Amino acid sequence: MHYTIEINGAQQSVDIDGETPLLWVLRDVVDLKGTKFGCGAAQCGACTVHMDGHPIRACQTPIASVGNGRITTIEAVGESRLGKLVQEAWIELDVPQCGYCQAGQIMSATALLTRTPNPTDHDINEAMNGNLCRCATYTRIRAAIKHAAEAGRA
Amino acid sequence: MLARRNFLKASLAAGGGLLLTATIKAPAKAASLGKAGRDAATLNAYVRIAPDGLVTITAKNPEIGQGVKIMLPMLIAEELDVSWDRVQIDQADLDSRYPAQTAGGSTATPVNWLPMRRVGAAGRHMMIAAAAAEWGVPVSECETLTGLVLHNPSGRSLGYGALATKAAAQPVPDLNTLKLKDPKNFRIIGQPTRNIEVPRIVTGQPMFGIDVSVPGMLYAVFQKCDVHGGKLVSSNVDVIRALPGVRAAFEVKGGNDLRGLLDGVAVVADSWWQANRARQQLDIVWDEGDITGQSTADFAATASRLASGKPAMALRRDGDVNAGLAKAKTVVEAAYSYPFLSHINLEPQNCTAHVQDGKVEIWAPTQNPAPGSKLVSNTLGIPESAIKVHMVRAGGGFGRRLSNDYMVEAAWISKVVGAPVKLLWTREDDMRHDFYRPAGFHFFKAGLDGNGKLIAFADHFVTFSQNGEVAASAEMTAAEFPARLVEHLDYGMSMIPLRAPTGPLRAPRSNGLGFAFQSFLDELAHKAGVDPLQFALGLLGEPRLLPDPPGPRAGPGFHTGRMRGVIELAAEKSGWGKKSLPKGTGMGLAYYYSHLGYFAEVVQATVNAAGEITVDKIWVAGDIGSQIINPLNAENQAQGAALDGIGTALGHGLHLQGGKIVQGNFDTVLPLRMRQSPPVEVHFRVTDFPPTGLGEPALPPALPALANAIFAATGKRIRSLPIKDLDLSASA
Amino acid sequence: MKRLILAAALLAGFSFVAGAMANEKGEYLARAGDCVACHSVPGGRAFAGGLKMASPVGTLYTTNITPDPETGIGSYTLEDFDRSIRRGIARDGHRLYPAMPYPSYAKLTGSDIADLYDYFMHDVPAVRQANRANEIPPFLSPRWPLAVWNVVYTPSPGFTPDPSKDAQWNRGAYLVEGLGHCGACHSPRGTAWQEKSLDARDSSFLAGANLDDWYAPSLRANQATGLGSWSQGEIAEFLKTGHNRHAVAYGSMGDVINNSTPYLTDSDLAAIAAFLASLPATEAETAWVEDTSTAQALLSGKTDTAGAALYVSACQTCHRANGAAAPPYVPPLAGNPTVLDKDPASLINIVLNGSWPLVAKGRPDAYRMPQFREQLKDRQIAEVVSFIRGAWGNKAGAVSPQEVAALRKSTQPSSDNIVVLKMR
Ligand code: FES
Ligand code: FES
């Protein structure tokens, strides 16, 4: 099947089985490898991208279901003010260890701050619970989200 | 002291400038850290100073999230006396010039601390010599300041860049006589230093093994028998070949070494998704071999049966434990156990390989490339000289990537299809084909005298064997705490034969032993009616060094004073015994020495009537010697290790059924999540001992500290893991 | 007499492939009857029996129906075979428990029985595997009451077409009421464990039932909880693939997808769809109408209930804020009959245990529901299920932690293992 979808502001045409997860279209077809594969079962969040600004798991998003949804990935999230602030907070606080989960973390965090500019610990827990960090950098992720929120207020 | 075989070579770098290459035999002492440590005893350094003053340091070790790529260059840059922002770091390939390219055992710091600094100091020395010659002044009148050589009497200065080419012609100093900086003058070491890779990580640049892409690359999956080492009998591989996108599907006859190439079916396709979808239609007949007794329930039953008899093997005997128990006022008996664990690196195992014209090129996220290259060589019959291994950043290691099974699979598949191939495992492959942290059973018996003093202690440890030998990472040593501190002590061991392969997982052995021993000691403290803190201090006694029992694993010994120090620090920071906690909330203390590091941790946890656990906070106190090289990373590693311990205790655990791992994904193995993740306060106690690593030693105390906190909160003793499988509700 | 002739004419029109060999026909019929699902165990030999089945009288084990003369049915004559399938009486005269859906199979025509017999005798490899004894408490053990049961509840053999309906409808009725034995799960059972009705004449037929910890939804035209909003094409698509834009198969319907309906011809699937679509609603339900306020609240981060918060963190990234998910791959929760059913057993069961891969004609589906029994407590599952049942215009009631706790005890988690029972 032929699909034209919007990824990071550009129209991309792909010829592919409609069941194919967006994750593999991103990684192996349009060569955006920032979105990661961790579980393929909606359990780790490494594949989190935005559809119309909201976090979805690309591994559980058949390409046929994307339609007119605007997809944003880690490669372009920094083009938004909040996305940029989140990335900067991650650098400032030296959040990552292995770094593998962090693209997904940043996508979830940016979406959280977009809808909840001043998140409480509880908000952070709920919004970030689907994103595993095997290196357990949670303390810094939490701090970096607050850091970015503060920068966003300035 | 360094051994004699040290070798530093200076030469002209391509394009001008100074190139320093050093081969250094590390002191034998560092070899006390298990296999990885022994390999790590040969070091290397590779420093280039360009005419523009830019310093390039090659990071030779695999980066798995532990921060070594920053840490080793920091040591060199410090003594070289350059500005950190003029340092650039390259990742080395596997290269015969770097003979110890491995990540494991928290060895990087103790092994590299002095040698790397000496390499930097040698470079600095040569810069000064070159400048002194240029100016015709004595070397003693010159000094350096972040990339400049200064001649204070004349006020002249020259940059390293300008001197680099001339420095290359200077004689090489003797590494062992070089004077190193006084730590109080450190400008880089001890400074919170950011990981230079983070800007690339947060923008999603391709940098992990899974991101590797080579022209003409195909994608592969490999289906093995879920009973480890099972043999392939037949398959419907011809049906698979006809499926969409499939380029090749073939049976692989492997060997018997569970760490090597095993029987299976490879499916290669134009995309990974197609390869994996086709693979899901595989219909394979396996010869699983003998799987009797290879189930979690069987293991538990066998362990209890073994425990009722004498241990098959004595590990240690002090005094007369039976006499001690007979004398005791209170005898406490308890059985503890912990499950098999998978490493669950977030990046599933993968490798890209290209076999062509008798040559192999490999891109692998590995912790241990050299044995991988050897394995590929032996399996494919290609000399190692024709194999090139690129080390690619790994999305987590935890010991899993010390084995290179995925590497040989990728190489084999590439050889058969004659094209570059990226092999990627699914999460289920990863969980079901791991080198598991072995489960273990401890049958404890201990005696307390009338004053609550521990006078007798026995452990019948039931562990696993493979091919008659104790399985990898399934052993216990005679130094296991509280050995050397109890008058009558008896450690014995029995083994259950195991099919599944085992191997090191972050803080190997200690991650299970720590839970069992530290939980039981807490149990004893409560039975003795003594506060666990006082019980611990009483057990440790006066500050002193207890030498290790002689043997291949003998290390520098156990220092009771250093352990007391961290216990007291953890108690102080957490307000141990000083807080009044609400009902349902409790604090637990545990301490453990591993990988040369001393750690004590206090966990505060709350358990509600429904049995739901909230970990409120963790206090970590560590003694890793005289210097924290990069405090920013040290805190991150210690927090991560403590939280890893909490997550492991709460939610990790595998079951075997008929020789197969039941769990496959993160809906049944539950790594820690944000909602469960408490604040972690990290405190270091700086002591006069050589600096050591901390990727691992902060982990073991976290599990028993949590279990002990749950006991304090509920009166329920956690004697098996994971905690998620236990009912802690008030009605239970 | 006239009636009989008409019946013969209708049945003649049913033959699935003109000129097919008897045993090919037999295999097709065995597919339609999904015999393999109950008469095999995963990893075991086809039709060798041994599957454990819970029943009100105790645990039953299905029997070996391969042509092995000693342990199977090798010594059965066609008459013996017919008696066991259409009357529930084994060759030695003992009465089968009605876990074997012989009250439905009674509808089979004699010629289909003969084709099935040919298939089982000649195409199924004989497997020597002794039957396992049933585990039935002694006081329930005498089988003679079954004779009475049979007299009361088993219709006399044969299918009587409804002359007021067309051939397609009658073919559908024959498949659904007969071989398909859909009522075994989807029809409510009475006090003696009998299906309350065995054909379209009764409004309880396929009206939905709770069996083995699943609620098999109504297949009648109920607007919200039945197939009222499904087109015939969508019904056929569901049977062919296990998926359509409304729902994805689960529970024992998974066995049906894995072994049975995808193998049926398009015309038989269309016939089944036509028949099901004709069953009138049992209740005047209003069709589901979307309420967009749930999605708006979720998207703006307003999660004022624990259930909504859980939905955001555990469900929303796949099933989406509007509950529409990504059909036909990932099923919607908004307006899904299973979500709207009065009986929440299936929804709770799926959240607790996840779903097994559906394997339509050997090809597993691409997406499956993970299990949450380990990640969420009874209270949390009750909260999130209650939220789902009341979101986006869904109007089903809240569920209690006790209901979850009971199902947690009585059910087992699914796994990703692909189970295909092979007929050859
Ligand atoms: S890869 Fe999509 S959630 Fe894990
Ligand atoms: S940084 Fe390694 S998984 Fe998060």
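Residues numbered from 1 in each chain as written. Chains lettered and ligands numbered in written order. Predicted model: local features only at pLDDT ≥ 70, side-chain atom pairs only at ≥ 80, totals over all residues. Heavy atoms only, no water.

Below, the discussion takes up the overall build of chain C. Looking only at helices and strands, chain C has 18 helices and 6 strands in total. Principal-axis analysis of the C-alpha atoms gives chain C an extent of 70 × 50 × 40 Å. Burial analysis of chain C (424 residues in total) assigns 53% to the buried set. Here the contacts in chain C between residues at least 6 apart in sequence split such that 65% fall between residues at least 24 apart. Surface summary for chain C: the accessible area is close to 17900 Å², and the carbon and sulfur share equals 57%. Both charge centroids of chain C, one from 38 positive and one from 40 negative side chains, sit 2 Å from each other. (Helix = DSSP H or I, 4+ residues; strand = E, 2+ residues; numbered from the N terminus. Buried < 20%, exposed > 50% of the residue type's maximum accessible area, 1.4 Å probe, protein only. Contact = heavy atoms within 4.5 Å. Areas by Shrake-Rupley, 256 points an atom, 1.4 Å probe, with all protein chains shown as cover. Lys, Arg positive; Asp, Glu negative; His and termini not counted. Charge placed at Lys NZ, Arg CZ, Asp CG, Glu CD.)

What follows concerns the sheet that holds strand E2 (residues 10–15) of chain A. Hydrogen bonding along the main chain pairs the strands of a sheet, whether they run parallel or antiparallel. All names here are of chain A. One open sheet holds the 5 strands; their spatial order is E2-E1-E5-E3-E4, and the pairing between them is mixed. If you trace the sheet from one side to the other, it starts and ends with E2 and strand E4 (54–57), each paired once. Between one strand and the next, the sheet's axes are offset by a mean angle of 40 degrees, whatever the strand orientation. One ladder, built from 6 bridges, connects strand E1 (residues 2–7) with E2; its direction is antiparallel. Paired with Ile7 across the bridge in E2 is Ala10. The strands that helix H4 (residues 102–115) touches are strand E3 (48–51), E4 and strand E5 (70–72); relative to E3, the one it contacts most, it runs at about 40 degrees. (Pairing = 2+ DSSP bridges. Axes fitted to C-alpha atoms, helices over the stretch in contact; angles between N-to-C directions.)

Moving on, we come to the domain arrangement of chain C. For an interface, size is often stated in terms of accessible area lost upon the parts coming together. All names here are of chain C. Taken domain by domain, chain C holds domain 1 (2–153), domain 2 (167–277) and domain 3 (293–410). Its C-alpha centre places domain 2 at a distance of 23 Å from the equivalent point of domain 3. Taken residue by residue, the interface counts 26 residues in domain 2 and 24 residues in domain 3. For the pairing of domain 2 and domain 3, the buried interface totals around 2100 Å² over both sides, and the portion due to carbon and sulfur atoms is 58%. It is Asp213, Tyr215 and His243 in domain 2 that bury the most area against domain 3; as a group they hold 26% of the surface buried on that side. Where domain 2 meets domain 3, there are 0 salt bridges. On inspection of domain 2 and its partner domain 3, the count reaches 9 residue pairs in polar contact (both at pLDDT 80 or more). Elements that contribute at least two residues to the side of domain 2 that touches domain 3 include exactly strand E4 (214–216), helix H10 (232–241) and helix H11 (253–259). In terms of residue class, the side of domain 2 that touches domain 3 is built from 12 nonpolar, 10 polar and 4 charged. (Domains from an automatic or database assignment. Buried area = accessible area lost by both parts, 1.4 Å probe. Salt bridge = Lys/Arg side-chain N within 4 Å of Asp/Glu carboxyl O. Polar contact = N/O pair within 3.5 Å; in protein donor to acceptor, adjacent residues only side chain to side chain. Nonpolar A, V, L, I, M, F, W, Y, C, P; charged D, E, K, R; others polar.)

Let's shift gears to the domain arrangement of chain A. Residues and elements named next belong to chain A. Here the domain parsing of chain A yields domain 1 (2–76) and domain 2 (77–153). A straight line from the C-alpha centre of domain 1 to that of domain 2 covers 20 Å. Each side of the interface is counted separately: domain 1 has 18 residues, and domain 2 has 17 residues. Between domain 1 and domain 2, a total of about 1300 Å² is buried, with carbon and sulfur atoms accounting for 56% of that surface. In terms of surface lost to domain 2, no three residues of domain 1 exceed His50, Ile74 and Ala76, which account for 37% of the buried area on that side. Put simply, domain 1 and domain 2 have 0 salt bridges between them. Seen at the junction of domain 1 and domain 2, the total is 9 residue pairs in polar contact (both at pLDDT 80 or more). Among the secondary structure elements, those contributing two or more residues to the side of domain 1 that touches domain 2 are E3, E4 and helix H2 (74–77). Of the residues contributing to the side of domain 1 that touches domain 2, the split by class is 7 nonpolar, 8 polar and 3 charged.

Let's shift gears to the sheet that holds strand E12 (residues 264–269) of chain B. All names here are of chain B. Spatial ordering of the open sheet is given by E11-E12-E9-E19-E16-E17-E18, a layout of 7 strands whose pairing is mixed. Since the sheet does not close on itself, it has two edges, and those belong to strand E11 (246–252) and strand E18 (387–391), each with one partner. The average angle at which neighbouring strand axes cross in this sheet is 20 degrees, direction not considered. Relative to E18, strand E17 (residues 359–364) is paired through 5 bridges, and the arrangement is parallel. By the bridge assignment, Ala364 is partnered in E18 with Met391.

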